[in-house]
Amino acid sequence: MTDARTFTDRLRRREPAVGYWIALDSPVSTERIARLGYDYVCLDLQHGLIGYEGMLRGLTAIDAGGRSAGLAHGHRAGARHHDQEPGGP
């Protein structure tokens, strides 16, 4: 199991990390991938098919699989993104 502290420490020491990027909103698949032994699993909110609710399900699945999670999203000025809280700016 790679907890967040261990994962962060490894990155700070510039040790290699192998991860898996998820572009599909499938919590069952995401949890299964998280259990395969990757150092981290990243939800691709920019290029993938994952909305706000899918992000929440994905993060829960990654946590259940015992991995560190990452989020990738683009940013355009004035655009509202899926990972912002509902009712946020």
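Look above for the structure.
Since we're looking at a predicted model, the values are computed, not measured. (Residues numbered from 1 in each chain as written. Predicted model: local features only at pLDDT ≥ 70, side-chain atom pairs only at ≥ 80, totals over all residues. Heavy atoms only, no water.)

**Things to note about the sheet that holds strand 3 (residues 68-72)**
- Spatially, three strands are ordered 1-2-3 in an open sheet, and the strand pairing comes out parallel. The open sheet has two free edges, formed respectively by strand 1 (19-22) and strand 3, since each of these has just one partner strand. Direction aside, neighbouring strands of the sheet carry axes that sit 25° apart on average.
- Where strand 1 and strand 2 (residues 40-44) come together, four bridges link them in parallel fashion. Bridged to Gly-19 within strand 2 is Tyr-40. (Pairing = 2+ DSSP bridges. Helix = DSSP H or I, 4+ residues; strand = E, 2+ residues; numbered from the N terminus. Axes fitted to C-alpha atoms, helices over the stretch in contact; angles between N-to-C directions.)

**Examining the pattern of salt bridges**
- Summed over the entire model, instances satisfying the criterion amount to five salt bridges.
- Arg-10 serves as the salt-bridge partner of Glu-15, at 3.4 Å between the closest nitrogen and oxygen.
- Overall, the relative accessible area of 32% leaves Glu-15 in the partly exposed class.
- When salt bridges with common partners are traced through the structure, they connect Arg-10, Arg-13, Glu-15 and Asp-39 into a single cluster. (Salt bridge = Lys/Arg side-chain N within 4 Å of Asp/Glu carboxyl O. Buried < 20%, exposed > 50% of the residue type's maximum accessible area, 1.4 Å probe, protein only.)

**Regarding the packing of helix 2 (residues 27-34) against helix 3 (residues 52-64)**
- At a minimum axis distance of 8 Å, the contact between helix 2 and helix 3 shows a crossing angle of 30°. With respect to each other, helix 2 and helix 3 are oriented roughly parallel. Our pair here, helix 2 against helix 3, has a crossing hand that is right-handed. Contacts between helix 2 and helix 3 pair Pro-27, Thr-30, Glu-31 and Ala-34 from the former with Arg-57, Gly-58, Ala-61, Ile-62 and Ala-64 from the latter. (Parallel < 35°, antiparallel > 145°, perpendicular 65-115°, else oblique. Left-handed = near helix turned anticlockwise from the far one by under 90°. Contact = heavy atoms within 4.5 Å.)

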